Each structure stands twice: as C-alpha cells, then as structure tokens.
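Chains, contacts and geometry: an overview
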Amino acid sequence: MKSGTKAEAGEPTGNRRGRRSKEEILDATARVMALRGYAGTTISTITAETGLPRSAIYHHFHSKGGLLSAVMARGAGEFFAAMRAAHSDPPAGGTHRERMAWYLDRTAQVFTANPEFMRLHFLLMLSDEAAEAEVAEMNRQVRDEGRAYMRVMISSAFADQGPEIARAVAEELDYFTIAGFDGAFIASQADAGRTIAAQMAHLTDAMVALGEAAVARHKTPAPQGN
C-alpha cells in the first residue's frame, strides 16, 4: 500500500531530523517562557531544556530575537485560526449592539484561551529585541492582522448602513477596539476577577455608541461653500 507521507516516500533522514529539532526548540522555548518569563528565556536555558547544542539553535533561528519571533509566528497562526473558527457563522440580523456583542464575546473567548501567545506578544513589544528587524516585523504583522479582524467585526456589526459607511466606521474604530482588548487582557492578568469576558459589555456599549456617532457623521452631507 502506498503512503502519502514524505518520510515513508524516502525523504532524507537529515531533513526529518532538522524539522524535528526545530519543533523541539520552539516547544521548549514556549515552555521556558511560560515558566521563567522573558528574562529567564536564554539560549542556555533552551539548550539545557532540549539537550541540543547552541549551534543547532543558531542554525535554525540565528538569534534569540529570531527564536522568539518564530515562537510568536507559530502562536499567531494558531491564534488567528481560532479567530476564524470563532467568527465562522456570524448573525445576519439583530441590532448593532447584538451583532457587536456576538463578535466581541467570541473574540474574548479566543483571547482567554490563548494567554501564552498574548503574553509573549506584549513581552516582545516591550523588550530590547523589539528593535530587531525580525521581531519588529513580526509584531507589525500581528498588530495588522489583529486590526483587520477588528475591521471585519465592526463593518459586519454596521452592515445595515451599507458597505461604504460600514467600512468607514471600521477604519475609524479598529485601533480603539484592539486597544480595548489589549487593556482587557492586561487587566485580567493583573486581577483574576477582571476577566476579559466581564469587560465585553462595557466595550460593546462603547463601540456601538462610537460607531453610531460615526454613522451619523458620515450620513451628514458636507457643508457647501459659498
């Protein structure tokens, strides 16, 4: 019987070993970050955790910044896949508030289920490595994709106003929305009683009020010159 796997099709052993060691390094780094935080995550701790030489880590990732960026890239893939799944069946009707609440509640569930990724993202934004090109680019990609999801949520909540106005409202409020989630996540880490889900009613009210004010502005004709 034929097998579809590359390994069974005769893929060189070195390639399989290289991929395996790379995944082992990423897994170990994620574990060390969770246990020791950013400061305790050094190349030495990763070599001790994996049993691999420093040369193997530098071969795959070139630097500590490159390694942490790769961990975040993998986490981002999982995080945004969860976002796509959470938003896969949006409501077609309802009020602005009902639609906005649907999106924000499901987004809060994704944030709550992925605290390690969010912690790493904030740590890398605030670390010395944030100035490195690899880390800065990964942070930019994560923020851009996050804002893109916020624009989808906002424009869907205000879809009854037509695509042009819905898009304009989303472009006005995407930064505010992601800032709201950033703040809710940090608050939840500082005080376990301040869950992200508990903050969603307030964020929903704020988003709807700001969005409806933006709709009114966009519907008001611009004053004509004399």
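This text follows the structure it describes.
Small disclaimer: the values here were computed from a predicted structure and weren't measured.

On to the overall build of the protein. Within the protein, the secondary structure is distributed over 9 helices and 0 strands. The helix and strand sequence of the protein, counted from the amino end, reads α-α-α-α-α-α-α-α-α. Split into buried and exposed, the 226 residues of the protein put 41% on the buried side. A fraction of 68% describes how many contacts in the protein between residues 6 or more apart in sequence connect residues 24 or more apart. Carbon and sulfur atoms make up 55% of the accessible area of the protein, which totals about 12400 Å².

In the contact formed by helix α4 (residues 64-86) and helix α7 (residues 133-157), the axes pass within 9 Å of each other and the chain directions differ by 10 degrees. The angle between α4 and α7 falls in the class roughly parallel. For the pair α4 and α7, the contacting residues are Gly65, Gly66, Ser69, Met72, Ala73, Ala76, Phe80, Met83 and Arg84 in the first and Glu134, Val135, Met138, Asn139, Val142, Glu145, Gly146 and Tyr149 in the second. When the residues that make up the contact of α4 with α7 are grouped by side-chain class, the tally is 9 nonpolar, 5 polar and 3 charged.

Our focus in this paragraph is the pattern of salt bridges. Once the charged atoms of two side chains with opposite charge are near each other, the side chains can pair. Per the counting criterion, the structure on display carries 11 salt bridges. Arginine 74 is the salt-bridge partner of aspartate 27, the closest N and O atoms lying 2.9 Å from each other. Of the two residues, aspartate 27 sits in helix α1 (residues 13-36) while arginine 74 sits in helix α4, which places them 47 residues apart along the sequence. Residue arginine 74 is classed as partly exposed on the basis of its relative accessible area of 25%. A salt bridge links aspartate 144 to arginine 140, with the nearest nitrogen and oxygen atoms 2.5 Å apart. Pair noted here: aspartate 144 and arginine 140 are both in helix α7, with a separation of 4 residues, about one helical turn. Judged by its relative accessible area of 28%, aspartate 144 is partly exposed.

So, on to empty space enclosed by the protein. In total, this model carries 1 cavity of 30 Å³ or more according to the counting rule given. By volume, the largest cavity is sized at about 110 Å³. Lining the largest cavity we find 13 residues, and of these Phe79, Phe111, Met118, Gly146 and Ile178 sit closest to its centre. Every element with two or more residues in the lining of the largest cavity is listed here: α4, α6 (115-126), α7 and α8 (163-190). The residue inventory of the lining of the largest cavity, partitioned by class, reads 9 nonpolar, 2 polar and 2 charged.

Another point: the packing of aromatic side chains. Summed over the entire model, instances satisfying the criterion amount to 7 aromatic pairs. Plain terms: the ring middles of phenylalanine 79 and phenylalanine 117 are 5.0 Å apart, the flat faces sit at 35 degrees to each other, and that makes the pair tilted. One end of the pair, phenylalanine 79, is in helix α4; the other, phenylalanine 117, is in helix α6, with 38 residues separating them in the sequence. The two residues phenylalanine 79 and phenylalanine 117 agree in class, both being buried. Ring pairs connect the aromatic residues Phe79, Phe80, Phe111, Phe117, Tyr149 and Phe181, which therefore count as one cluster.

About the criteria used
- Here, residues in each chain are numbered from 1, in the same order as that chain's written sequence.
- In keeping with the predicted nature of the model, local features appear solely for residues at pLDDT of at least 70, side-chain atom pairs appear and are counted solely at 80 or more, and the whole-chain, interface and lining totals rest on all residues.
- Values shown for side chains rest on all heavy atoms present in the structure; no hydrogens or waters enter the calculation.
- Secondary structure follows DSSP: runs of H or I at least 4 residues long count as helices, runs of E at least 2 residues long count as strands, and numbering of each begins at the N terminus.
- Relative accessibility under 20% of the residue-type maximum defines a buried residue, over 50% an exposed one, and the middle range a partly exposed one, all with a 1.4 Å probe and only protein chains included.
- Residues count as neighbours in contact if any of their non-hydrogen atoms are within 4.5 Å of one another.
- Under the convention used here, a 1.4 Å probe and the Shrake-Rupley method define accessible areas, while residue burial counts only the protein chains that appear.
- Fitted lines through C-alpha atoms serve as axes, helices being fitted only where they are in contact, and the angles separating the N-to-C directions of these axes extend from 0 to 180 degrees.
- Throughout, the term roughly parallel applies to angles under 35 degrees, roughly antiparallel to angles over 145, roughly perpendicular to angles from 65 to 115, and oblique to all others.
- Just so you know the grouping, Ala, Val, Leu, Ile, Met, Phe, Trp, Tyr, Cys and Pro go in nonpolar, Asp, Glu, Lys and Arg go in charged, and all remaining residues, Gly too, go in polar.
- The salt bridge criterion pairs a side-chain nitrogen of Lys or Arg with a carboxyl oxygen of Asp or Glu, the two atoms within 4 Å.
- Here a cavity denotes a set of grid points, spaced 1 Å apart and computed over the protein atoms alone, in which a 1.4 Å probe fits but from which it cannot get out, and a pocket denotes an open set meeting protein on both sides within 12 Å along at least five of seven lines; residues with an atom within 4 Å of a point are reported as lining.
- Grid points are joined across faces, edges and corners, and a volume is the space filled by probe spheres set on the points.
- Working definition: rings of Phe, Tyr and Trp (its six-membered ring) pair if their centres are within 6.5 Å, and the pair is stacked with planes under 30 degrees apart, edge-to-face with planes over 60 apart, and tilted otherwise.

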